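# Examining the three-dimensional arrangement
The chain contents come next:
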Amino acid sequence: MEVKVRIDGVDHKAQAQLIQGTLWVHYNGRVFTQDVSTGRKSRKKGGAGGSSDQVMAPMPGKITKLLVTVGAAIEPGQAVLVMEAMKMEYTLKAEIAGTVDSINCAVGDQVALGKALVKIKPASDK
Amino acid sequence: MKKFTRIAIANRGEVAVRIIKACEEMGIETVLLHSEADINSRAFRMATKTICIGPAPTAESYLNIQANINGALAGGAQAIHPGFGFLSENADFAEAVGKAGLTFIGPSPEAIRALGDKVHCKELAKQAGLPLVPGYQGENQDVEHLIQQAEQIGYPVIVKAAAGGGGRGMKLLKSSTDARELIESAQREGQSAFGSPKVFLEKYLDRAKHIEFQVFGDSTGNVQHFFDRECSVQRRHQKIIEEATSPSLTDELRRRMGEAACAIATLGKYKGAGTVEFLLQDGEFYLLEVNTRLQVEHPVTEEVLGVDLVKMQILTAQGDYVHDAKQIRVPRGHSIECRIYAENPFLGGVPSTGLLGHVEWPEGPGRRYEYGFDANDTITPFYDPMIAKVIVWDESRPRAIQKMIRVLKDSVVFGVHTNIPYLIEILSHKEFVMGTMTTRFIETYFGESLKEPTLTDIEKTVAAGALLQLRGGANGASTTSSSPWASYWRGI
């Protein structure tokens, strides 16, 4: 809905909507979101590559190829699996050196955004 | 001459809407052949009739030849419009449609085979003496053999699905180290997206522009070109911004390339709308491929020439369209198209799916919106992430760029993230403004992810005030909201 926010006597017009716990705002030529449960800017989990000791799904999609096995030594930047969404293939890579601790998906699985797909035991833990 | 009273649409999203609108204006009813996933879409609501042809996965619905034909027959259609993507360049589909007693709105199966299969097309181009990018288009698809051929051509080499398009099944081989992995990946993508794992190899031109010519063969087989488009702004070989006409062509180049485009289309006995794509580098042009269908970016041609390519396609399929010999086409002004993708530009462009919230496309002169979804529709992960196209027209290229930036800033899409911030950055970039961008423009200047700008104090305050109002606190000043911004906001 259209909202008007008065700051220092000046009305600022914006479009705003709450969708599933996220506030969407269009103001002054830009759309931005806020996670209204914490007040912080909302940030989807995952991201390209995921957090360092695990490879997470950066989008919902299907696992098409597993390139590593449990116990395998891997290097930063090494491709660990291939997934497909919207008919495009994405190769997910490890961020750190280490060994594959566990694989929590199989080829053909439909996985959700942010799912931890591969856990890596960092090399420094050895 | 035939006269269609009902046309089936074997497609989805914004192009299905585009076709429905052309049919409506011509007094033709429509049958939308859709998957289970697409019942929340504009095309579904607009079509005269809808028939579900299968579940969400494309292989079981949009790529299923028999399901589409059965649906068209059951819906009482006399013809099928395939749109773009899916079965639009599938000769077997075009043939099966004809055998079922229906008309395929597009070129003949023979023309699709001759020009649409990229390997056959290059053979035809060789016969016609058209310049080609060095490459390998052989039948031997053994990975070892393909790697050998790539070494011979010399890296960088591009591997492409022979039946492909739209950047799918296309990979850049920079050296021998990742060649195997990428070739296999292209083969898998080709199989999954187009039903064929066949690939070919091509030398990668590293400072080329992507220039294409719209061609159109009328009912008598007379092929004319409808001038050029430039689509150099590509990411992962997927076009993002297209314009007509190209800012890069001299009159002489435009004439020669237009003649070459007509020559190959004529040789392929082409009828209907098609696109001949070229790469232009150092004043030399090379044939890239021919797309035997309507193109995603067809609106920019329509805007500068004042034509309706979809209606022309339908009339041609009826045997009812002949180029007017007296009409001299002159492009007028400049048109730009931006593809709106449902993706997060701050997370490397990963697809963004979910329920669409408020959507707003700001009206005004010289603005055109092609979109497939409204508020409360769901963007699913099953298909291409393009959810809309924004097209502008203005008197000159600089004015069109200026207009596009403003239009994008005023456009509102809530619920899924879009590439709009990314598009605005591109349109503002010096090289784009000068018109000197090449197909490597994006990788050179934009990498993969945009840096997310931090919110200004005013933005934070507007958000806090908006939240209070949404939660029913009137203007918010007297509420006791738990929002952490509330105290900040009250302090202003």
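Predicted model only: the values in this text are computed from it and were never measured. Think of each chain on its own: its residues are numbered from 1, step by step along the sequence as written. For naming, the first written chain is A and the first written ligand is 1, with later ones following in the order written. Where local features are concerned, this predicted model is filtered to residues with pLDDT of at least 70; where side-chain atom pairs are given and counted, the filter is 80 or more; whole-chain, interface and lining totals use all residues.

## Notes on the overall build of chain B
Across its full length, chain B carries 17 helices and 23 strands. Atoms considered for the radius of gyration are the C-alpha atoms alone. The globule rule reads 2.2 Å times the number of residues to the power 0.38. In terms of overall dimensions, chain B is globule-like: its C-alpha atoms have a radius of gyration of 23 Å, near the 23 Å expected for 492 residues. Once C-beta atoms are placed from the backbone, any two residues with those atoms within 7 Å are in contact. Counting only contacts in chain B whose residues sit at least 6 apart along the sequence, the fraction spanning at least 24 positions is 65%. Secondary structure elements follow DSSP: runs of H or I of four or more residues count as helices, runs of E of two or more count as strands, with numbering from the N terminus.

## Side note on the pairing of strand β2 (residues 29–35) of chain B
Residue and element names in this part refer to chain B. Extensive coverage of β2 is indicated by the burial of 6 of its 7 residues. Strands are labelled as partners when DSSP assigns at least two bridges between them. Here strand β1 (residues 6–9) pairs with β2 via 4 bridges, running parallel. Within β2, the position partnered with Arg6 by the bridge is Glu29. Each parallel crossover has a hand, and for β1 linked through helix α1 (residues 13–26) to β2 it is right-handed. Sheet topology note: the β2/strand β3 (residues 49–54) ladder contains 5 bridges and is parallel. To sort residues by exposure, count the other C-beta atoms lying within 10 Å of each residue's C-beta; 20 or more gives buried, 12 or fewer gives exposed, and values between give partly exposed, all with C-beta atoms placed from the backbone. The handedness rule is simple: strands pointing away from the viewer, and a clockwise path from the first strand over the helix to the second, make the crossover right-handed.

## Overview of the sheet that holds strand β8 (residues 79–85) of chain A
The strand order across the open sheet built from 4 strands is β9-β8-β6-β11 (chain A), with neighbouring strands paired in antiparallel fashion. Where the open sheet ends on each side, the last strands, each with one partner, are β9 (88–93) and β11 (110–111) of chain A. Examined bridge by bridge, strand β6 (residues 61–66) of chain A and β11 of chain A share 2 bridges and lie antiparallel to one another. In the sheet register, Gly61 of chain A faces β11 of chain A, and the bridge partner there is Val111 of chain A. Along the sheet face, helix α8 (residues 179–194) of chain B touches β6, β8 and β9 of chain A and points at about 145 degrees away from the line of β9 of chain A. Orientation is described by lines fitted to C-alpha atoms, with helices fitted over the stretch in contact, and by angles between N-to-C directions that extend from 0 to 180 degrees.

## Focus on helix α3 (residues 65–74) of chain B
Residues and elements named next belong to chain B. Residues Asn68, Ile69, Gly71 and Ala72 constitute the buried set of α3. Projected down its long axis, α3 shows its buried positions confined to an angular sector of 160 degrees, all on one face. Where the residues of α3 are buried, they touch β1, β2, β3, β4 (79–81) and α4 (91–99). Note on α3: the residue one or two positions beyond its end, Gly76, has a positive phi of about 75 degrees. Working definition: the arc comes from the directions between the helix axis and the C-beta atoms, pointing outward to the latter.

## Regarding the environment of Ala47 of chain B
Residues and elements named next belong to chain B. Take Ala47: it is sitting in the loop between α2 (42–46) and β3. Judged by local crowding, Ala47 falls into the buried class, with 25 C-beta atoms found within 10 Å. C-alpha separation for the pair Ala47 and Glu24, spaced 23 residues apart in sequence, amounts to 9.2 Å. Ignoring anything within four residues of it in the chain, the contact list for Ala47 reads Ile20, Thr30, Val31 and Leu32.

## Considerations on the environment of Arg12 of chain B
Residue and element names in this part refer to chain B. If you trace the backbone, Arg12 turns up in the loop between β1 and α1. Overall, Arg12 belongs to the buried group, with 27 C-beta atoms counted inside 10 Å. For the pair Arg12 and Gly372, spaced 360 residues apart in the sequence, the C-alpha separation amounts to 7.8 Å. When sequence neighbours within four positions are dropped, the list of residues in contact with Arg12 reads His34, Asp38, Ser41, Ala43, Tyr62, Gly372 and Tyr383.

## With respect to the packing of α1 of chain B against helix α11 (residues 309–317) of chain B
Residue and element names in this part refer to chain B. Relative to each other, α1 and α11 sit at 65 degrees, their axes nearing to 9 Å. Here α1 and α11 pass one another in a crossing that is right-handed. Counted together, Arg18, Ile19, Ala22 and Met26 of α1 and Val310, Lys311 and Ile314 of α11 form the full contact between these two elements. Throughout, the ten residues Ala, Val, Leu, Ile, Met, Phe, Trp, Tyr, Cys and Pro are labelled nonpolar, Asp, Glu, Lys and Arg are labelled charged, and all others, Gly among them, are labelled polar. Partitioned by chemical class, the residues of the contact of α1 with α11 number 5 nonpolar, no polar and 2 charged. We call a crossing left-handed when the near helix sits turned anticlockwise from the far one by less than a right angle, and right-handed when that turn is clockwise.

## Focus: the interface of chain A and chain B
Chain A puts 38 residues into the contact, and the matching count from chain B is 40 residues. Of all elements in the fold, only β1 (2–7), β2 (10–19), β3 (22–27), β4 (30–35), β6, β8 and β9 of chain A reach the threshold of two or more residues within the side of chain A that touches chain B. Looking at which element gives the most residues to the side of chain A that touches chain B, the answer is β2 of chain A, with 7 residues. When its residues are assigned to classes, the side of chain A that touches chain B shows 22 nonpolar, 10 polar and 6 charged.

From the geometry alone we can't say anything about function, so treat these as descriptive.
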